[in-house]
Each structure stands twice: as C-alpha cells, then as structure tokens.
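Residue-level structure breakdown
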Amino acid sequence: MAEWKITYDSWKPEEQPLREALCTLGNGYFATRGAAEESNADDKVNYPGTYLAGGFNRLVSEVGGRDIENEDLVNWPNWLPLTFRHSGEERWFKLSEVELLYYRQELDMQQGLLTRQLHIRDSSRRETVITSRRFVSMANPHVAALEWEVTPQNWSGEIEIKSALDGTVINSGVARYRALASQHLEPLEAGKHNEETIFLVTQTTQSKIRMAQAARTRIFIEPPSTNFNRETRVLSQAYVEQLFHVSCTQQHPLRIEKVVMLYTSRDFAVSEIKLDACTNIGRQGSFAQLLHDHCRTWRHMWERCDLEVSSNHNAQSILRLHIFHLLQTVSGNTVDLDVGVPARGLHGEAYRGHIFWDELFIFPYLNLRLPELTRELLMYRYRRLPEARHAARKAGYKGAMFPWQSGSNGREESQVLHLNPDSGNWLPDNTFLQRHINAAIAYNVWQYYQATSDLEFLSFYGAEIIFDVAQFWATIASFNNDLGRYEILHVVGPDEYHTEYPNSNEPGLRNNAYTNVMAAWVIRCAIGIGNVLDKKQLEELYEKLHISADDRKRWQDISHKMLVPFIGHSKIIAQFEGYEALEEFNWETYQQKHGNSMRLDRILESEGDNVNKYKASKQADVIMLFYLFSSEELLKLLQSLGYEFSSGDIAENIAYYEHRTSHGSTLSKIVHSWVMARSDRKRSWSDFLEALMSDVEDVQGGTTQEGIHLGAMAGTVDLLQRGYIGLDIRDDVLWLSPALPVEVSFMKLQLRYRGHWLSVRVTHQKLMLSVDKGFTKEVQVGVNGEVFTLVTGDKKEFDIS
C-alpha cells in the first residue's frame, strides 16, 4: 500500500507550504490545498487556498509609477475552518502552542483522502488524540467533506468547537506578488440556513463570478447524546461561524462531520446559487456515504489511468502522485467548464493560474487515456479564436495569434514587468514574444486527431485552429531575398533566457530554430489536412477564414524555404541567428555555488550581469525538436526544407546543448531524458529521476509550494508511457519499440487508441499486447518493423530482446 500513499511522520513547519501543495485535494472543478483545518494564512507556514477552474479576476496595481492590470486565479473563501478550545480559555487550538507527542499525515492517492493524526499535550497537561480526514468529492463536483475525531486521553470536561466559512481571504500565496493588489473578493451575504447549516456568498470584484458555500456541521458524541448547545454568529458579510458547547468524556471519541456544498454563477442547471447550495446540502448523506461514492469514482479512474512500473528506485508512488494531481486538475468534472490547464494546477497562485504551453506535455497522457478531456481542453483554445484573431490583426498579421499566457478570455496575460526576487528589481518582461505557443496548439490538435481519429472534431474545430495558425506563420514570416529563404524575426524561443541581443534596445531574436521549424511543420500540416477533409468542407473553410489561392501558394513556398540557422558550417542547429557569437558561460563556478538547476537570469541580473550575453539556456530549445518528432519525421521535415541532416547529427546536437543548459525549468530534464532514451539509457534514467523528484523535493527552492508543476508531472508519466515504450503514431499505425532502462524490470499500462483499449505489458525480453474492447473493428499496431492488424479479443506476444 506504500505505493499508493505519501506519508509524513513528523511535523516540520518549514516544510508545511510544500506539503500543502503536494497534499492538495481536487476534482477538476475546484481544489483545496492541504492546509490544516485549524490554521489561518500566515507568511511562513500555513496557506489555506481554494481555487476554482476558470475562476479568474483582474485587478490594477501600481508598479514603478505605472498602472498594471493583472488577471489572477482567485483564492476563494476558505471552507476548512474547524477547531476547538477548552471551556473558559481564550485561545483556540493551534499546533505551535501545544506539545506534539505524535504526528502523522497521509495522502491516500487511491482514494483521494487526506488523513492527519495528532497526539497533543497542552499547557495544563491534558492529552488529546485528534484524527482528521477529508476529501473533495470526485463523485459530485460541488461537494467536499471533512471529519474530526477528538478523543480525550486523560481528561473529561467541556470544550467549544468552531466551524466556519471564511471569506476574508486574499491572494497572498506568492511572496513576489504581495506588493500588488490582492483583494479579489467582495462579500455579498452570510447567514444561517437552518440549525445545521450556514452559508456564505461572495463575488469577484471585476469578473463578477459569484460563489455560494453552504456548510452543514454535525456532532456525534460517545456515549450518544444530543445535549449540546449550538450558536450561529455572523461576524461580517464575509465570515460566518457556528459554535458548539460539548461535554467530553475521557477515552470516549467525539466525532465532527462538516459537509460543504459549493456552487458558482458559472454552473449549469442552477436556479440561484445560494438556493441550490442550501437545498442540495440537505440532500447529502453522511461523511461515510459521501466518501464511499468518492472512492468508487477514483477506483474507476485508476482502472483506466494507472501505470505500473517495477524499478530499483521508489518511482511507483511518485508516478501515481503525478497522475493523481493531473486528474485532480482535469477530470470528467472539467467537461463543459470552458477551462484550460493551468501550468501550476489548481494548487496555488504561481503564474497567476495562467495557461501556457504545458499542454504540450500534458495532452499526450490524456490522448491515450481520456481523450474526451483533451477534446474539451482544446475547445478552450477554439472558443478563444476570436481574441487570437484580433491579436493577430492588431499586430499586422493574418490568422490567429494565441497568447503566451492565457486566462479567462484568451487575451495576452503575460506580465509587462516581473520581479526578480534575488535583486528586488522590477524588470521588463518580453517573454510574451514566445510565438511558438501557436505551433504547440496546432501540434496538440493534430496529435489528438492522430490518437483518436476524431474526424468530427478535426472537421468542425481542429482544422480551423490549424489553418488560422498556419496563416499567422505565413504572414509573420518574411522573405529574405539575399538568402532566398523565409525568416521569422522578433521572437523568443522556449529557452526564455534569451529575449534580446546583447546591447540591443530591440526585444526579440531573429530566426529561433525551434520556432521556424515548428512554423514550417504547422504549414505542412495545414496543407496535409486538405487530403483528410472532403473537398466541399475544405472550400467552405478556406472561404470562412479568407484563405485565398495566393495564401495557399505562399504556404507551399514557405514549407520548402523556411530558414533553419546552423552554427558555421557544422551540423549543429543554432538556437537562433547569432547564437555562435555569444560568450561561453563559466558553468563550473556557478554550479558549485548554486547547484545544477539554476535560474541564471535572476542570478546574473542580481550581479549586474545579463544572461543574454552567454550560450546558456534555461531549458531545452533546439532539443525540443527531437522531443516532439521521431528522427524519421524530423529528418524528413528538414530535408523538405533543403537541409541535409542525419540521425548522427541529432546526437551531436543533443551533446552540444546538454552542456549549455541550466535546467532552470522542471520541464527541461524531461526533454533531455526523452532524447537520450535510446542512445544513453543510464543518463536518460538519471535525468528522469531528477524530473520525477523535482516537485516532491522542491528542487527549485520554494517554487512548488506556490503550485505544483503540472507539465513536469504529466511529462514524467508520458516519458514512461511513450518514451521508454517507444510509442509513435505514423501513417495510421501505432508503433511500439520498447527500450526500458536497465533499472526498470517491467511496465504495465492501458492505452486507448482510436476507440480501442489496449493492455500493454513490457519487459526487457517481451512485449505483450491484448485488445480488450473497442468501438472500431480493427487497429493496426507496428512492432519490430512489421504491421499487425488486431481486433477485439486478440492477444499477441513479441520477442524484443
């Protein structure tokens, strides 16, 4: 069972912010951090936070004499508050004010249950055992529940219990944002619905999203009794509490159940949110009944989504933790919410809850397990095409230009200024020039289609996205007569460190190789879709999107003449034009001082230097091409552009950039592990383990407590699922070419490919496949260079040693 649990056997206040993020509970609709029920937000230890999928709000702050508007994922009212005190005492129970005799906190990922056990001794030598359990229901997205069992060990007497809903919260979970405006909520109403139930209604100040919470609290005493007093107090429109005066008997447990119902004005099938919350809270069963339904739903999800691995490292429990947090952020409850995937999950306020390119690392797992979720999340992008088209027109381009950071309506949410916590300086932020986000969105659409063969989605939604993005690339690209090639200027690549040339006053770079190659790929994909859609539909799309014959002729030209920069006469792809003129960086000195995973941009700026001067990358940039494409695909793509490139050149490029990357992003080790999975399995496994532990060990020094890195979590699972199994979809064939690291003895998983569920088991010697069930007649699978046609019920075993 240890493979299903994350356990903490001691109380370490300095680790609590990290534990709160890792022990977040959610259901794809909302999530709550793993803070103690009796705690309040403070700067160092505790930060209760509840976040709603799509729950954004905008505020204006003054920064450096400028008014800056930021959009944030809002911290909603805290539904957790539950505590006690002894009769006649002023101070409520607080962990820091008692002697702790025993402590254990356990996250059960199989059941989605957080348990905490305490044995405390207060200043009067009274000993008490407290066991708390709580969950955010996966069965009913509007429900959360917690239970306390309080057992006096050496005393009897009266205690006072407090159960509350607290709407006085603000967004203060990220230290570098605390100087900015943070009051996103305004209270509307608080009160008592009936003897058992209190309610609280708030709304955001700008987006006017309303939330109603109703909390039902019940007390169960041993021996059974209803002889206790209950008092409801409304301290303000933002805070309501119930107080209970209860007599306790030594060695007899007292049990408290708190069930919460949460509705918002974004919900469907709701008359009025307070009415529905208060009505439906009365229809809910006990804590045990609700927990049973919740656990059943998790069991069904794990049957589809689990990945079993046997290794000489304790990888299994961490992999399940990563899957667990992915499914808590996006689940069946996310369908129809019109939301994207926040890069930091629903686990904190880092990156302001925005949606970046992390979908590129998240969707591959969902495509092959829960493709309906990928489709829903792609619709988030489709619905924001009007805003992307407006952005493109405003910038002088055709098609659609999606933002690097997206929130509620798809406008560019990237910050204009960012704070360097190392120096305390506010600096210009030009990372919004990462136009490669557009290629990532188009790539995600095509990969979804490849995994599902969902022609309906491609026809009505996906092709429109790809065509609009192709039009954007075709107009941002300009023809260089001297070179006889198209180039793309004023962009920033995935590296992010390099946002301008040294001593330049002009933001952006010329011809970032990753951006240029991906732009060419998107255009080739758009051309290829013409062979998938029927002629009439294709003509209608061209007409709708104003794509002329001249536009399509330009597509053809660019698809063969896009510039890819190289370093001198070598086969090393230059990260961008002019990269070879940069200085080499003194890696050894800085790694000795700051470790291997560094934010060099912050470090150097605080020293009066500039990372733009150096051949130093934050994360994989050129290497991303070898991550996204098989060697066969990439060589074909480069050859179509007129560049001779071999598989041996790939290895040379990987080695070149490996030594010039700081891995200042949690995504970087995943990419480097992936590209070395065949050539250097030992190094690949080492990088995989670093990526695997990056959030659990908070390798970036305090960032995980602000929200988990969801792309890195999903990426590690996908690295096993596709990377080490060698899964690739080409020419309507699911190719499998396993290459397990020495440290892994077997893997077992289920995949959903084009309507079929496939059971896969891999060892170093054998690949075993069985087609369990499906909606189509047959599926083609390629192994050892041979293609096999399989139907439901087929089982095959292949020798791969």
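Overview of the structure. (Residues numbered from 1 in each chain as written. Predicted model: local features only at pLDDT ≥ 70, side-chain atom pairs only at ≥ 80, totals over all residues. Heavy atoms only, no water.)

Focus on the overall build of the chain
Here is the rule: Helix and strand definitions here come from DSSP, where helices need a minimum of 4 consecutive H or I residues and strands a minimum of 2 consecutive E residues; each element is numbered from the N-terminal end. Here the radius of gyration uses the C-alpha set of atoms, whereas the globule reference equals 2.2 Å times the residue count to the power 0.38. Buried, partly exposed and exposed residues are distinguished by accessible area as a fraction of the type maximum, computed with a 1.4 Å probe on protein chains only: under 20%, between the cut-offs, and over 50%, respectively. Contact between two residues is taken to exist if any of their heavy atoms lie within 4.5 Å; hydrogens are not considered.
Broken down by element type, the chain carries 20 helices and 30 strands. A compact globule built from 801 residues would reach a C-alpha radius of gyration of about 28 Å, and the chain, at 28 Å, matches this within 12%. A principal-axis box enclosing the C-alpha atoms of the chain has dimensions of 90 × 70 × 55 Å. In the chain, buried positions account for 62% of the 801 residues. Intrachain contacts of the chain at a sequence separation of at least 6 include 68% that bridge at least 24 residues.

Concerning the packing of helix α9 (residues 455-476) against helix α12 (residues 549-561)
The line we're drawing: Angles run from 0 to 180 degrees between N-to-C directions of axes, and those axes are lines fitted to C-alpha atoms, restricted for helices to the stretch in contact. Orientation is classified from the angle alone, with under 35 degrees giving roughly parallel, over 145 giving roughly antiparallel, 65 to 115 giving roughly perpendicular, and any other angle giving oblique. Ten residue types, Ala, Val, Leu, Ile, Met, Phe, Trp, Tyr, Cys and Pro, are classed as nonpolar, four, Asp, Glu, Lys and Arg, as charged, and the remainder, Gly among them, as polar.
For the pair α9 and α12, the least separation of the axes is 10 Å and the interaxial angle reads 70°. Here α12 runs roughly perpendicular to α9, going by the angle between their axes. Of α12, the residues touching α9 (which contributes Phe467, Ala470, Gln471 and Ala474) are Asp551, Arg554, Trp555 and Ile558. Along the lines of polarity and charge, the residues of the contact of α9 with α12 split into 5 nonpolar, 1 polar and 2 charged.

Points about a negative patch on the surface
Filter applied, for reference: A residue counts toward a patch only above 30% relative accessible area and without a salt bridge, and it is joined to like-charged neighbours within 9 Å or, for Val, Leu, Ile, Met, Phe, Trp and Tyr, to nonpolar neighbours within 5 Å. Computed with a 1.4 Å probe, the accessible areas rest on the Shrake-Rupley method; for each residue, only the protein chains presented here act as cover. Here, a salt bridge means any side-chain nitrogen of Lys or Arg that lies within 4 Å of a carboxyl oxygen of Asp or Glu. By the counting scheme adopted, Arg and Lys are positive, Glu and Asp are negative, and His together with the chain ends is not counted. One atom stands in for each charge, and that atom is NZ of Lys, CZ of Arg, CG of Asp or CD of Glu.
A surface patch of like charges, here negative, comprises Asp534, Glu539, Glu540 and Glu543. The residue glutamate 539 is located in helix α11 (residues 535-544) in this model. The exposure class assigned to glutamate 539 is partly exposed, which follows from its relative accessible area of 43%.

Remarks on the side chain of glutamine 575
Checked against the element boundaries, glutamine 575 lands in the loop between α12 and α13 (587-594). Taking the relative accessible area as the measure of exposure, glutamine 575 reaches 1% and is therefore buried. Not counting the four nearest positions on each side in its chain, glutamine 575 is found in contact with Asp495, His498, Asn511, Asn512, Ala513, Ser617, Asp621, Val622 and Tyr657.

With respect to the pattern of salt bridges
What the rule picks out here adds up to 60 salt bridges. For the salt bridge of arginine 255 with glutamate 147, the shortest nitrogen-to-oxygen distance reads 3.1 Å. Of this pair, arginine 255 sits in strand β17 (residues 254-264) while glutamate 147 sits in strand β10 (residues 143-152), placing them 108 residues apart in sequence. By relative accessible area, which is 23% here, arginine 255 ends up partly exposed. The class of glutamate 147 is buried, set by a relative accessible area of 10%. Note that glutamate 464 is salt-bridged to arginine 389, the shortest N-O span being 2.7 Å. Highlighted residues: glutamate 464 in helix α9 and arginine 389 in helix α7 (residues 385-395), separated in sequence by 75 residues. Of the two residues examined, glutamate 464 and arginine 389, each falls in the buried class. In the salt-bridge network here, residues are joined through shared partners; they are Arg58, Glu69, Glu71, Arg411 and Glu413.

Considerations on the packing of aromatic side chains
Rules: Ring pairs shown here join Phe, Tyr and Trp side chains whose ring centres sit within 6.5 Å, with only the six-membered ring taken for Trp; geometry is labelled stacked below 30 degrees between planes, edge-to-face above 60, and tilted in between.
If you walk through the whole model with that rule in mind, you get 39 aromatic pairs. Both rings, one in phenylalanine 457 and one in tyrosine 461, keep their centres 5.8 Å apart while their planes meet at 40°; by these two values the pair is tilted. One end of the pair, phenylalanine 457, and the other, tyrosine 461, are both in helix α9, 4 residues apart, so they sit about a helical turn from each other. Given the relative accessible area of 1%, phenylalanine 457 is considered buried. Judged by relative accessible area, which is 25%, tyrosine 461 ranks as partly exposed. An aromatic cluster is built from Tyr351, Phe356, Trp357, Phe361, Trp404, Tyr627 and Trp674, whose rings are joined through pairwise contacts.

Describing empty space enclosed by the protein
Condition: Lining residues are defined by having an atom within 4 Å of a point belonging to a cavity or pocket. Those points lie on a 1 Å grid over the protein atoms alone, cavities being sets where a 1.4 Å probe fits but cannot get out and pockets being open sets with protein on both sides within 12 Å along at least five of seven lines. Grid points are joined across faces, edges and corners, and a volume is the space filled by probe spheres set on the points.
The tally for this structure, following the rule as stated, stands at 3 cavities of 30 Å³ or more. Of the pockets and cavities examined, the largest cavity occupies roughly 110 Å³. Along the walls of the largest cavity sit 15 residues, with Asp72, Asn171, Tyr177, Ala181 and Arg352 positioned nearest its centre. Of all elements in the fold, only β4 (50-63) and β5 (66-75) reach the threshold of two or more residues within the lining of the largest cavity. Of the residues that constitute the lining of the largest cavity, the class distribution is 5 nonpolar, 7 polar and 3 charged. Empty space within the second largest cavity amounts to approximately 90 Å³.

Topic: the side chain of asparagine 444
As for its position among the elements, asparagine 444 is in helix α8 (residues 436-452). Given a relative accessible area of 3%, asparagine 444 falls into the buried group. Apart from residues lying up to four places away in sequence, asparagine 444 is in contact with Glu359, Leu360, Phe363 and Leu378.

Describing unusual backbone geometry
At aspartate 336, a residue that is not glycine, the phi angle is positive and equals roughly 75°. Among the secondary structure elements, aspartate 336 is positioned in the loop between α4 (315-329) and α5 (359-367). Take aspartate 336: its relative accessible area is 47%, and that puts it in the partly exposed class. You will see that histidine 546, though not glycine, has its phi angle at about 60°, which is positive. By secondary structure assignment, the location of histidine 546 is in the loop between α11 and α12. With relative accessibility at 66%, the residue histidine 546 sits in the exposed group.

Points about the pairing of strand β26 (residues 756-763)
In the case of a regular strand, side chains alternate between the two sheet surfaces. Stated formally: Two strands form a pair only when DSSP identifies at least two bridges running between them.
With 6 of its 8 residues buried, β26 lies for the most part within the structure. Sheet topology note: the strand β25 (residues 744-753)/β26 ladder contains 8 bridges and is antiparallel. Residue pairing in the sheet places arginine 752 in a bridge with tryptophan 757 of β26. Between the antiparallel neighbours β25 and β26 lie 2 residues, among them arginine 754 with a positive phi of about 50°.

Digging into the environment of asparagine 333
Test applied: Any N or O atom pair separated by 3.5 Å or less is treated as a polar contact, with the protein-specific requirement of one donor-capable and one acceptor-capable atom, and with residues adjacent in sequence counted only for side-chain atom pairs.
Tracing the backbone shows asparagine 333 in the loop between α4 and α5. Linking asparagine 333 and tyrosine 29, residues 304 residues apart in sequence, is a C-alpha distance of 5.9 Å. Residues within four places of asparagine 333 in sequence aside, it is in contact with Asn27, Gly28, Tyr29, Ser137, Met138 and Pro141. A distance of 3.3 Å separates the side chain of asparagine 333 from the backbone oxygen of methionine 138, its partner in a polar contact.

Details of helix α16 (residues 631-640)
It helps to recall that an α-helix has 3.6 residues per turn; residues three or four apart then point in one direction. Taken residue by residue, α16 has Leu634, Leu635, Leu637, Leu638 and Ser640 as its buried positions. Among the structural elements, α10 (513-529), α12, α15 (623-628) and α17 (647-658) are those in contact with the buried residues of α16.

Examining the state of the cysteines
What counts here: Criterion for a disulfide: a pair of cysteine sulfur atoms within 2.5 Å.
Enumeration over the complete set of coordinates arrives at 0 disulfides. With no disulfide partner, cysteine 295 has as its closest neighbouring cysteine sulfur the one in cysteine 305, 16 Å distant. Assessed through its relative accessible area of 14%, cysteine 295 is described here as buried.

Some details on the environment of lysine 536
Relative to the elements of secondary structure, lysine 536 occurs in helix α11. Here the alpha-carbon distance between lysine 536 and phenylalanine 432, two residues 104 residues apart in the chain, equals 38 Å.

Everything listed is a geometric property; what it means functionally is a separate question.
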